[in-house]
Amino acid sequence: MKEAAISIRNLKKSFKGHLSIGRIEALRGVDLNVPSSGIYGFIGPNGAGKTTTLKIITGLIFPDEGEVKIFGKPNSEFTARSNIGFLPESPYFYDYLTGEELVFFFGSLFKIPKKELKERTVSLLELVGLKGKEKLPLRKYSKGMLQRVGLAQALISDPELLILDEPMSGLDPIGRREIRDLILKLKKEGKTIFFSSHILADAEMICDEVGIIVKGKIVERGKLETLLGKEVRFWDISFRGAQVPLELSQKTVVSHEDLTMIRVDSEEEVETALLLLQSNKSKILSVIPHKASLEEIFLSSVEEGKNDKQN
Amino acid sequence: MTNKIDWLFFIKQITSISKNTYKESIRSKIFYILMAFAVLILGFAVILSFLTIGSQKRIILDLGLAGISFFSVMTSIFVGIGLIYVEIEKKTIYNVLSKPMPRSLFIIGRYFGMMAVLGTNLLAMLLILTVLLAIFKGFTLMVFYAGFFIYMELAVITAIAIFFSSVASPVLSAICTLAFYLIGHTSSTFPEILVPLLHNQFEKKVAIALFHLLPDLSMLNVCNLITYEIPIAQGFTIRAIIYTFSYVLVLLVAACLIFRKRDLV
Amino acid sequence: MRKKIVDYIGIVLILALLSNVFFLHSEIRDLTKNYPDEYRSYYIPSSLQMKFFSLGYHHAFSDLLYLWFLQFYDWYNKSVRYSYMVHTFEVMTDLDPKHQEAYTIAALFAFIPLKYDLVYKFLDKGIEKNPENFVLPYDAGCYAFFSEKNYERAVKYFEIAYKRNPDKSLLKNLYAKALSRKGDLDAALDYFEDIYARYKDDTTDEGNYYRSAAMRHIWVTKNAIAERDVKEAVSKYRQKYGKNPLNLRILVNEGFLSKIPKDPLGEDYNYDSNTGEIKCVSKFDPKAITGRW
Ligand SMILES: Nc1ncnc2c1ncn2[C@@H]1O[C@H](COP(=O)(O)OP(=O)(O)O)[C@@H](O)[C@H]1O
Ligand SMILES: [Mg+2]
């Protein structure tokens, strides 16, 4: 088995509170294993500790406890960072540089021959879709363009592992889609992508594996398929009819004029419901089976987190 | 990957950071504003020189060098205090420090970049001064000798500024660096002014110890010798250079040590 | 549109306030114009403070004070003007003790109202602080010699100037002149003869000037020495006999004179027994100086 791209053991980190009063426990023992292939989503609500974790991984801040290994190397060694590309949360760049200069500058911090670096700068800017904008100073870039130039600089050393902090936040739907496509493209090139997000839809669509963090603790982790499960959890039946059978009125979810939707939990119930409705002369509009969604898992985790705290 | 330290690669990284720092200054407005001020001061020196009875050259030389020195120092302080802090504040540092590079190189690179900027700045002003002096028949290359020592002073001041920049906010850094500048220029008067005021033998010893320990920037100021073309003492130059380097090194090492452990939040 | 109006109002307001400030300022200045001068304060810190505050740029600050001095030395009323002047002077020369112009100009400003004590005070400091400099003692000597006519003082200063730069004939010449005015004729003669010897064969402008000047001085000084000697002898004779001698021979015989004095041309002096003084009858002749007699 290949070595894990990132392995995190029992990571703890607390910050000074407001006005240095008290301490905020941002991470309360995070364990994480990012395999060295595919896309790993690091999901959690705002303030859960995603950014804190990523900053520790990239060596920007230091944990109180615990250890981080990147491809088997402790991250306290600066050489551990030679194989990662990092895109910080809503990235800030030197706005006096042009896009081209910026990517070139970050590339020059790696062991890349100058000529190759120049070529790579051009091709990367093209890859992220900034062709024609290279000579523009960054202060004239839009948020989406900044995100893309940030991706380009993260890719400049051709790293095996990409760490992206909220790569899609603050972008419009088209921007999100472009970044998503880019991430998928990079996956195809064989890169490992570890990205954080508080938006589930992003993760659901592209992740192979996710870890869910709530209040500084991983509450759920694993392959997306296992998390979501294979079997159907419930069915929604919509029908048009003047009267809802008495047996079904308990299961009504919505009802508007003569339109009604009910939710049932098993296949037998579906059959009985359909029979009842047919005898009632109602018109069946649709029967939709539902599997578990990431959102539900997420919400239930957050609930658990809350309960945790109350206990 | 070997564990051997690749010095050449380090130098390349430092150069990259320095170049970028240089670009930053050259493309910022404050650089040109301070330059304009310095040129203004030189013009002012020329205007004042018309008021004198006697040699105009002397007034231009004295006031010109003092003005250049003062404005270079101000540039050094007010740009220097933001050198590290602003990068943290603006979060631009995240991108740089997530690269495979020891953090100390960032400080060193910023320092050298700043020194390159100050060097350019100083050279330009000295050239203007030389031209002005030549117009008033006082052309002397000693101006550049004085300039060299102004640069030495800037090296110390910038190191102080960058040290504070990596630990404190700009306002605090500015106050501390200015305090060091003032002390550096007045500590030479300790034996003459401060010590006679003290009655206690112990206090006197402390004052003398401080006098030797604090950066003595006025020692690096040879402007006063230039006016009368008094020859500089034998062996002064080399010792002054070593003195400066030692001080700069102390400050940079201290800055790196603190910065190495710092959370960049 | 509304915004623009606000802008205009703001600009007009600013201009109005500025003009108000402008006129108020000149009005207040007018009001306070007649205050006695003592109430003006142009505070200049002490030398020690200035050394501290000038942050090592002593010369630049000395220059600034010097310019200040040139502009404002006479702002104060007479009663405090000189102490103010002395203070400014002390500070600027403490900051830069080699600032020659500061000494000479300060002395000049003290000389205009003929404050000789200040003139010498200023220059004395410069002479003391600049052991190589001969311009300052020369300056002081000139004030004493030409203006105050205090030859004793002039001798003192010219001697310093001459000793600091013995090669400069101007200084030697002035030194000798001062010596002769003071009455030290023999020493003066030695120096004049030195100058003459130096320029004997020099036909440059400078040489011609100093040679001819030296010749005249030698002529005059020699006559003066003879006159002095005779006068002394006569007064001794009169003490003994109660009257002037009838001729110079008597003085030689009595031992009051070593020999009968001759003028530089070898001619006899004209002796007047009534006054007891001699007078040179020969016309000045450069040839007389060329050889010993
Ligand atoms: N520099 C800091 N000082 C104090 N508290 C901080 C700091 N950075 C983060 N925190 C706290 O740590 C927690 C986690 O923050 P963060 O990692 O940024 O969350 P996320 O990125 O998941 O939204 C939050 O409660 C936040 O308030
Ligand atoms: Mg975050």
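Note: the structure precedes this text.
Computed from a predicted structure; not experimentally measured.

Quick look at helix α6 (residues 116-129) of chain C now. Taking 1.5 Å of rise per residue, the 14 residues of α6 of chain C would be expected to cover 20 Å, and the 20 Å separating its terminal C-alpha atoms lies within 8% of that figure. Of the residues making up α6 of chain C, those classed as buried are Tyr116, Leu118, Val119, Tyr120, Phe122, Leu123, Lys125, Gly126 and Ile127 of chain C.

Moving on: the sheet that holds strand β14 (residues 283-290) of chain A. Residue and element names in this part refer to chain A. Spatially, β12-β13-β11-β14 is the arrangement adopted by the four strands of the open sheet, whose pairing is antiparallel. Two strands close off the open sheet at either side, each with one partner strand: β12 (252-256) and β14. Across the sheet, the mean angle from the axis of one strand to that of its neighbour is 15°, orientation sign disregarded. Those strands touched by helix α8 (residues 267-279) are β11 (234-240), β13 (259-264) and β14, and its axis lies near 5° from that of β11.

Residue and element names in this part refer to chain C. Between its terminal C-alpha atoms helix α8 (residues 151-164) stretches 19 Å, which fits the 20 Å expected from 14 residues at 1.5 Å a residue. Buried residues of α8: Tyr151, Ala154, Val155, Tyr157, Phe158, Ala161 and Tyr162, and no others. Of the surrounding elements, those touching the buried residues of α8 are α6, α7 (135-148), α9 (169-182) and α10 (185-199).

The nonpolar side chains of soluble globular proteins are, as a tendency, buried together. Counting residues in each nonpolar core, the largest one holds 159 residues, and the members touching the most others are Ile6, Val149 and Phe194 of chain A. Considering each element in turn, this core owes the most residues, 15 residues, to helix α7 (residues 142-165) of chain B. Excluding residues that lie within four positions of it along the chain, Val149 of chain A makes contacts with Phe93, Gly99, Leu102, Val103, Leu125, Leu130, Leu138 and Tyr141 of chain A. Residues Tyr66, Ile127, Cys142 and Ala214 of chain C belong to the second largest nonpolar core, which totals 61 residues.

The next thing to look at is the coordination of the magnesium ion (ligand 2). All names here are of chain A. Ligation of the magnesium ion (ligand 2) by protein atoms is provided by Thr51 (OG1), Glu89 (OE) and Glu89 (OE), these donors lying 2.0 to 2.8 Å from the ion. Here Glu89 lies in the loop between β6 (84-87) and α2 (99-107) and Thr51 lies in helix α1 (residues 50-57), a separation of 38 residues in the sequence. Assessed through its relative accessible area of 33%, Glu89 is described here as partly exposed.

Residues and elements named next belong to chain C. For Gln100, the location among the structural elements is in helix α5 (residues 100-111). Put simply, Gln100 and Val135 are 35 residues apart on the chain and 8.5 Å apart in space, counted from C-alpha to C-alpha. Setting aside chain neighbours within four positions, we find Gln100 in contact with Asn133, Val135 and Leu136.

Right, let's talk about the site of ligand 1 for a bit. Looking at ligand 1, there are 13 residues lining it, with Gly47, Gly49, Lys50, Thr51 and Thr52 of chain A nearest. Site remark: ligand 1 is flanked by residues from chains A and B. The contact in question runs from an oxygen atom of ligand 1 to an N or O atom on the backbone of Lys50 of chain A, over 2.8 Å. Between Thr51 of chain A and ligand 1, the recorded distance is 2.5 Å, taken from a side-chain N or O atom to an oxygen atom. Bound to the protein, ligand 1 loses 69% of the 560 Å² it would expose on its own. Breaking the shell around ligand 1 down by element, the ones donating at least two residues are β1 (6-16), β2 (23-34) and α1 of chain A.

Time to look at the interface of chain C and chain B. Interfaces are frequently sized by the accessible area removed from exposure as the parts join. In this complex, chain C contributes 22 residues to the contact, which on the side of chain B involves 27 residues. Summed over both partners, the interface of chain C with chain B comes to about 2100 Å²; 64% of that surface belongs to carbon and sulfur atoms. Note that Asp96 of chain C is salt-bridged to Arg58 of chain B, the shortest N-O span being 2.7 Å. One can count seven residue pairs in polar contact (both at pLDDT 80 or more) joining chain C with chain B. Only α2 (47-53), α3 (58-72) and α5 of chain C provide two or more residues apiece to the side of chain C that touches chain B.

Analysis parameters
Residues numbered from 1 in each chain as written. Chains lettered and ligands numbered in written order. Predicted model: local features only at pLDDT ≥ 70, side-chain atom pairs only at ≥ 80, totals over all residues. Heavy atoms only, no water. Helix = DSSP H or I, 4+ residues; strand = E, 2+ residues; numbered from the N terminus. Expected span 1.5 Å × (residues − 1). Buried < 20%, exposed > 50% of the residue type's maximum accessible area, 1.4 Å probe, protein only. Pairing = 2+ DSSP bridges. Axes fitted to C-alpha atoms, helices over the stretch in contact; angles between N-to-C directions. Contact = heavy atoms within 4.5 Å. Core = buried A, V, L, I, M, F, W, Y, C linked by side-chain atoms within 4.5 Å. Donors = N, O, S within 2.8 Å, 3.2 Å for Na, K, Ca; no water. Near = heavy atom within 4 Å. Polar contact = N/O pair within 3.5 Å; in protein donor to acceptor, adjacent residues only side chain to side chain. Areas by Shrake-Rupley, 256 points an atom, 1.4 Å probe, with all protein chains shown as cover. Buried area = accessible area lost by both parts, 1.4 Å probe. Salt bridge = Lys/Arg side-chain N within 4 Å of Asp/Glu carboxyl O.

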